[in-house]
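A look at the structure
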Amino acid sequence: MAKNVLKLDHITMQFGGVVAVNDLSMEVNEHEIVALIGPNGAGKTTAFNCVTGVYEPTNGMISFYGEPMVCNHPQGKMKKLYKGQYYDEFNKVISPTPDQITKLGIARTFQNIRLFKSLTVFENVLIAKHMRAKQNVFSATLRLNAKEEQRMREEAMALLEEQNLAHLKDEIAGSLPYGLQRRLEIARALATDPKLLLLDEPAAGMNPQETKELTDFIVQVRDKYGIAILMIEHHMDLVMAIAERIYVLDFGKLIASGTASEVQDNPDVINAYLGVDEDE
Amino acid sequence: MTKKISTSTIISAALVVFLFALVFVLEKVMNPYSMLFVVLKKGAIYALVAVSMNLLNGFTGLFSLGQAGFMLIGAYTYAIFTIPADQRLSVYQYFDGGIIDFSIPVIPALILAGLAAAFFAFLIGLPVLRLKSDYLAIATLGFAEIIRAFFQWDALGPVTNGSNLLKKFPTFDSTIFPFAVAGICIALIVMLINSSYGRAFKAIRDDEIAAEAMGINLFKHKEMAFVISSFFAGVGGALLAMYQTTVQAMAFKSAMTYEILLIVVIGGIGSVTGSVIASFLFIACSEWWLRFLDTETFIGAWQVPLLRSGFRKVVFAVIIMAVVLFYRQGIMGNREFSVDRLLKKRQKFIEKQAAKKASKEGR
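In this convention, every chain numbers its residues from 1, walking through the sequence in written order. By the order in which they are written, chains take letters starting at A while ligands take numbers starting at 1. With the structure being a predicted model, the display of local features is reserved for residues of pLDDT at least 70 and the display and counting of side-chain atom pairs for 80 or more, all residues being used for whole-chain, interface and lining totals. The side-chain values count all of the structure's non-hydrogen atoms but skip hydrogen atoms and water molecules.

On to the interface of chain A and chain B, then. Taken together, the 32 residues of chain A in the interface contact 26 residues of chain B. We define buried area as the total accessible area lost by two parts upon association, computed with a 1.4 Å probe and summed across both. Between chain A and chain B, roughly 2500 Å² of surface is buried when both sides are summed, and carbon and sulfur atoms account for 63% of that area. Sorting the residues of chain A by area buried against chain B places A:Asp99, A:Phe116 and A:His130 first, and these three jointly supply 22% of that buried surface. Each salt bridge in this description consists of a side-chain nitrogen of Lys or Arg and a carboxyl oxygen of Asp or Glu lying within 4 Å of one another. At the boundary of chain A and chain B, one finds two salt bridges. Residue A:Arg114 pairs with B:Asp207 through a salt bridge whose shortest N-O separation is 3.0 Å. Residues count as neighbours in contact if any of their non-hydrogen atoms are within 4.5 Å of one another.

In structure tokens:
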């Protein structure tokens, strides 16, 4: 059995009275591509945001390589409002900020691309190297540690070359075509040296040809960097082609999980999701 | 590293040396009371403060309006610690000579002025930097006003001399001095902007959420930008005190912040060279070129209409509106004036000419 990279334990995310994610438990193993699917508004991105520290889950625990990373239980006002289960199991409170989670080794991309639009392609990747740089603001300003800067630049350049983006290095990121912006966003996420990559709808807005290229690209990334990938995706052909396991969310609840064929045959899933999809 | 010194760096360095030499020679040759030197001195000081504000507003995306407050702290710190001990009794005449009875040299005092402003910025930043855009602007503006009132408080008289003037501290005569200090400070800011931290600041400006997802600690970096910007604003304030030869909290009104904001906007938000050029232009206009608007003028017996005290400010307001409406990018936009770019442009131009020639000959 491969090692557990990410584990969600009874995660509930409640905004006021609205339960966006309800008692979600799932896991991602090493070197695995896992997909999280579900109709619009099912709570997939909310679940992502819980993992990346954007939101603090109302209840539950998230572990990264077996270590508790995020943990919370209903407190204060939420105690009365809380509609989920498992009150007292998670009595620790750990709520790291997104940058701390990135430092641990979880990188993400965004549903609506979020590049540093006014900076160049090279700078976009270089920024990801900033958090691990061994320098402080004085040594960086006074160029006391030129080797460190040199190393960051070389690593960023090497990554761009691996991703076939080197020829675009001095282009302004915001001026790239859509497909390349997606690629750059993934390259930038990889530059943080992650162990787990979260992709939020990587194929959104892509035509079938681009989607096919992306499918191969994701597998390549996984193989090259030996990382685990968790993705949210609506393109069923992409998901069915590469996801080793699939979790299906509907109205915040997990309704099915398993391999592509297992999920496809699940009547709940067909009702909630694939049934709708066939009409399109 | 030694191999990397390119022609553009050499030319840039030569330009800087030439500029300093020019100022030096002009000062020897020209009447030292010429308006030119007023503009150069005050322009250099405003350039430093404008660049420090640009570091926040243009490069980190924090819309802060506290610059006058930090300048005030710098100016007062400098003045308080440099008034010669034997002059203190006459300066602090209402407060028995004040409670400080020593003085320190100019350069350490300048650094101390920056550190004092930076320290206050650190404290204020803790609560204030959690705010965004307009709210941050309002909070920092409010802080600057509070500081101004605070320094005029009678109970602090033994230190700040209450609402009375601070004077008789060391000043400068030569234009070279503000040029050198402002030059060094601006160079440091530019080096910061071009370092890894500068890139992190720009990342925060472009997209906070993405910056955080890249492992950049938002609060730490914002606080850092805020403290560093205030440090240089403090040094700028100290230089302004030296230039004015007296310090009074009254002078550091929010109008001063707006002047600096105006310089930053006209120069181009996110351009250091833009801020520098704009600050000299602005000071030249307000102190020299547009002065005639403020004086009643007669041509023969006919009085030129509108020209009277205060009309200059009306014209300024119109210029500001014109810039904001039609020329939002400012002089430089977010580009920089650099020798490197000029050289590249020249290269391109030459290539174009060659291509033209070739195509003509081909025909």
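Moving on, we get to helix H7 (residues 178–190) of chain A. Runs of E in the DSSP output that reach at least two residues are strands. Runs of H or I that reach at least four are helices, and both are numbered from the N terminus. Expected helix span is taken as 1.5 Å per residue step, with the number of steps being one fewer than the number of residues. Taking 1.5 Å per residue, 13 residues should reach 18 Å; H7(A) reaches 19 Å between its end C-alpha atoms and fits that length. Here H7(A) lies mainly inside the structure; 10 of its 13 residues are buried. Note on exposure labels: buried denotes an accessible area under 20% of the residue type's maximum, exposed denotes more than 50%, and partly exposed covers the range between, all computed with a 1.4 Å probe on protein chains only. Those residues of H7(A) that fall on the buried side of the exposure criterion are A:Gly179, A:Gln181, A:Arg182, A:Leu184, A:Glu185, A:Ile186, A:Ala187, A:Arg188, A:Ala189 and A:Leu190. Where the residues of H7(A) are buried, they touch strand S6 (106–108), helix H4 (121–128), helix H6 (146–162), strand S7 (196–200) and helix H8 (208–225) of chain A together with helix H10 (208–213) of chain B.

This paragraph deals with the sheet that holds strand S4 (residues 59–64) of chain A. Strands in a sheet are paired, the pairing made by backbone hydrogen bonds, and the direction either parallel or antiparallel. All names here are of chain A. In this analysis, strands are considered paired if DSSP registers two or more bridges between them. Spatial strand order, S2-S1-S4-S5: four strands in an open sheet with antiparallel pairing. In the strand order of this sheet, the two ends are held by strand S2 (18–29) and strand S5 (67–72), each with one partner. Averaged over neighbouring strand pairs, the angle between their axes works out to 15° when direction is ignored. Looking at chain direction, strand S1 (residues 4–15) and S4 are connected through five bridges and run antiparallel. By the bridge assignment for S4, leucine 8 is matched with isoleucine 62. Running at roughly 115° to S1, helix H1 (residues 44–51) makes contact with S1, S2, S4 and S5 of the sheet. In this description, a line fitted to the C-alpha atoms serves as the axis of each element, helices being fitted only across the stretch in contact, and the angle between N-to-C directions of two axes falls anywhere from 0 to 180 degrees.

For soluble globular proteins, the rule of thumb is that nonpolar side chains tend to be buried together. To define a nonpolar core, start from buried Ala, Val, Leu, Ile, Met, Phe, Trp, Tyr and Cys residues and group those joined through side-chain atoms within 4.5 Å. The biggest cluster of nonpolar side chains holds 101 residues, and the ones touching the most others in it are B:Phe70, B:Leu166 and B:Val247. Considering every element that reaches this core, the biggest residue donor is helix H2 (residues 35–60) of chain B, with 15 residues. For B:Leu166, the residues in contact, after removing those within four places along its chain, are B:Tyr76, B:Ala79, B:Ile80, B:Ile83, B:Val91, B:Tyr92, B:Thr160, B:Asn161, B:Thr245, B:Thr246 and B:Val247. Counting 63 residues, the second-largest nonpolar core is a separate cluster that includes A:Leu176, A:Leu190, A:Ile229 and A:Ala260.

Turning our attention to a nonpolar patch on the surface. All names here are of chain B. Like charges are joined within 9 Å and nonpolar side chains (Val, Leu, Ile, Met, Phe, Trp, Tyr) within 5 Å, but only among residues with over 30% relative accessible area and no salt bridge; these make up the patches. Residue-level accessible areas treat just the shown protein chains as cover; the underlying method is Shrake-Rupley with a 1.4 Å probe. Together, Ile11, Leu15, Phe18, Leu22, Phe337 and Leu342 line one region of the surface with nonpolar side chains, adding up to about 550 Å² of accessible area. Of the residues forming the nonpolar patch, the biggest block, four residues, is contributed by helix H1 (residues 7–29). Secondary-structure assignment places isoleucine 11 in helix H1. Since its relative accessible area comes to 36%, isoleucine 11 is described here as partly exposed.

Because an α-helix completes one turn every 3.6 residues, residues spaced three or four positions apart along the sequence face the same direction. Residues and elements named next belong to chain B. Here helix H14 (residues 311–326) contains 16 residues, and its C-alpha end-to-end distance of 23 Å stays within 8% of the 22 Å for a straight helix at 1.5 Å per residue. Every buried residue of H14 is accounted for by Phe311, Arg312, Phe316 and Val323. When H14 is viewed along its axis, its buried side chains cluster within an angular range of 145° and face the same direction. Summarising the geometry of H14, the exposed residues directed more than 90 degrees from the buried face are Lys313, Met321 and Leu325. Here the arc refers to the set of directions running from the helix axis out to each C-beta atom.

Let us look at the environment of B:Gly98. Residues and elements named next belong to chain B. Secondary-structure assignment places glycine 98 in the loop between helix H4 (88–91) and helix H5 (106–128). Separated by 60 residues in sequence, glycine 98 and proline 158 have C-alpha atoms that sit 4.1 Å apart. Sequence-distant contacts of glycine 98, that is, excluding residues within four places in its chain, are made with Tyr92 and Pro158.

All names here are of chain A. Counted according to the given criterion, the structure contains 20 salt bridges over all chains. In this structure, lysine 129 and aspartate 193 form a salt bridge, with 3.6 Å as the shortest nitrogen-oxygen distance. Of this pair, lysine 129 sits in the loop between H4 and helix H5 (137–141) while aspartate 193 sits in the loop between H7 and S7, placing them 64 residues apart in sequence. Of the residues examined, lysine 129 reaches a relative accessible area of 8% and is grouped as buried. Looking at aspartate 193, the relative accessible area reads 43%, which means it is partly exposed. As a salt-bridge pair, glutamate 148 and arginine 151 come within 2.8 Å of each other at their nearest N and O atoms. In this pair, glutamate 148 and arginine 151 both sit in helix H6, three residues apart, roughly one turn of the helix. The network of salt bridges with shared partners includes Lys129, Arg132, Glu148, Arg151, Glu155 and Asp193.

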